[in-house]
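In case you want the letters, here they are:
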Amino acid sequence: MEKLVVPPELMRWARKRAGLTVEVLAMRWRKYPQWESGEASPTPRQLEALAQRTHTPLGFFFIPWAPSDELEIADFRTPEGKRPVTPSMGLLETVHLCRLRQQWYHEQALLKRSKPLKFVGCMQPTDAVVNVAESIRTTVKLQPQGCADAEDAELALETMIGHVEAAGIMVMRGGGAAVVAAPGIEDPEFRGMALSDAHAPLIYLDARDAAAAQIFTLAHELAHLWLGISGISNPHDTLVADGRVIEAFCNRVAAEALVPLSAFRDAWDMNETLERECARLAEVFCVSTPIILRRAYDAGFLEGDTFHAVYQKAAESVNRAEIIRGVSGKPLTPLQRVGRRFGEAVAAEVQAHKVDEHEAMALLSACTPEEVWTVGGSHDEWVDADLGDEVPAYAHLVGR
């Protein structure tokens, strides 16, 4: 029977992280002490059961190092002077997994002698916001796209992600991590993450946010890459009261990239009520109402006291109506979770027999070897399309 070689330190890490003892696990698997000492190895089915017992993603047993229990990138989630919330295991797992994927993609880029992306780290926080925003718009072909409803917003988000990935940036999405704010209500522990790397820049989005909210977070994380600064963020929570120079700058860049102030001033109707005008322009620019309020304040259409009062009310309304934690419109496909750029790269290496199933499982967060072959399987546009050389590598993995 096939055995899997798992580094003993990863066995110990998973066990200790779950608060279990060797004796407890030995009651389930007689040879567990030998697994942890390296004298024996589990079968694939045993390792899958162990992953479930220790609440550990199966792919973590195949990474080359034991993950740290501390956040390894900058934490921009709270205003300066306020200590960030201690990261949950869910957040740590997400960061570890994204770093693992980025490292793999970086190595592949070097092997293929890919040129570094010039826009990563090309700007400084002292540069003009409009210049950074224009650079982002030009690079990712960002154009204002109206959205009259949630379906339009989803389409706008997918379009934007497609352009970002075409520019060379990996975009991944998932359930994020949440903290309990009140009985039955969860708040996002973080909304986005940027991992800067000239060969393998990566952005992660909390897919449980409304599409319009994800669009702003994506623009915010793009600003992080343009600065060459990695970190996790809650951009919507720091849009107003934020003393951090980096986050404030990235928020302003995101707002300018999505809602250019000159176009906003031209579109603003002074004769309309504030509520109706904000709702109308939120559809025009496909962003949330709080972002429109912020731009109205930036444009000088709202005074400080009025803005803060109205903004707080609008933000609370969005949290209740649009960003219902744990509830999303459509489930993400496997390819949406890992991103097309990354998914195609892994699929190509599997096809070329340069990556085995177990490594692919770790990279794609697949629970079984069979799941590796489902990457992109829900993308019907490849089924009967006569695309010739344009057919992506992952399409062949599912027999298309």
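What counts and what doesn't
Residues numbered from 1 in each chain as written. Predicted model: local features only at pLDDT ≥ 70, side-chain atom pairs only at ≥ 80, totals over all residues. Heavy atoms only, no water. Pairing = 2+ DSSP bridges. Helix = DSSP H or I, 4+ residues; strand = E, 2+ residues; numbered from the N terminus. Axes fitted to C-alpha atoms, helices over the stretch in contact; angles between N-to-C directions. Contact = heavy atoms within 4.5 Å. Buried < 20%, exposed > 50% of the residue type's maximum accessible area, 1.4 Å probe, protein only. Patch = residues over 30% accessible without salt bridge, like charges linked within 9 Å, V, L, I, M, F, W, Y side chains within 5 Å. Areas by Shrake-Rupley, 256 points an atom, 1.4 Å probe, with all protein chains shown as cover. Salt bridge = Lys/Arg side-chain N within 4 Å of Asp/Glu carboxyl O. Lys, Arg positive; Asp, Glu negative; His and termini not counted. Charge placed at Lys NZ, Arg CZ, Asp CG, Glu CD. pLDDT = per-residue confidence, 0-100. Polar contact = N/O pair within 3.5 Å; in protein donor to acceptor, adjacent residues only side chain to side chain.

Asker: It is not clear to me how the sheet that holds strand β4 (residues 192–195) should be interpreted in this structure. Could you clarify?
Answerer: Note: strands within a sheet are paired through backbone hydrogen bonds, in either parallel or antiparallel orientation. Pairing is mixed across the open sheet formed by four strands, whose spatial order is β1-β5-β4-β6. Edge strands, defined here as strands with exactly one partner in the open sheet, are β1 (170–174) and β6 (231–233). Each strand of the sheet is rotated relative to its neighbour by a mean of 15°, with strand direction disregarded. Across four bridges, β4 lies against strand β5 (residues 202–206) in antiparallel orientation. When the bridges of β5 are listed, G192 appears paired with L205. Contacts from helix α7 (residues 150–166) reach β1 and β5 within the one sheet, and its direction differs from that of β1 by about 140°.

Asker: Can you help me understand the pairing of β1 in this one?
Answerer: Here is the key point about a regular strand: its side chains alternate between the two faces of the sheet. Taken across its five residues, β1 has five buried, putting it largely inside the fold. Here β1 runs beside β5; their pairing, made up of five bridges, is parallel. Following the sheet pairing, R173 is matched in β5 by L205.

Asker: Looking at this model, I keep getting lost on a negative patch on the surface. Mind explaining?
Answerer: A contiguous patch of negative charge, built from E107, D356, E357 and E359, is present on the exposed surface. Checked against the element boundaries, D356 lands in the loop between α15 (340–351) and α16 (357–364).

Asker: Whenever I open this one, helix α12 (residues 289–298) confuses me. Can you help?
Answerer: For an α-helix, 3.6 residues make a turn, and residues three or four places apart therefore share a direction. For α12, a buried count of seven out of ten residues is recorded, marking the element as mostly surrounded by other parts of the structure. Within α12 the residues assigned to the buried category are P290, I291, I292, L293, R294, R295 and A296. The positive-phi residue at the C-terminal boundary of α12 is G300, with phi of around 85°.

Asker: Can you help me understand the confidence of the model for the protein in this one?
Answerer: Low pLDDT marks stretches whose predicted atomic positions should not be read closely. Of the residues in the protein, 80% have a pLDDT of 70 or more, and the chain-wide mean is 81. Here helix α18 (residues 393–397) is the element of the protein with the lowest mean pLDDT, 37, and helix α6 (residues 129–139) is the one with the highest, 97. Across residues 322–328, where pLDDT falls below 50, the model places 20 contacts with residues more than four positions away in sequence or in other chains. Confidence drops under a pLDDT of 50 for residues 376–400, and excluding neighbours within four residues, the segment shows 43 contacts in the predicted structure.

Asker: Is there a simple way to explain the side chain of D75 in this structure?
Answerer: Residue position: D75 is located in the loop between α4 (44–53) and α5 (89–111). According to the relative accessible area criterion, D75 is buried, its value standing at 14%. A polar contact is formed between the side chain of D75 and the side chain of R77, at a distance of 2.7 Å.

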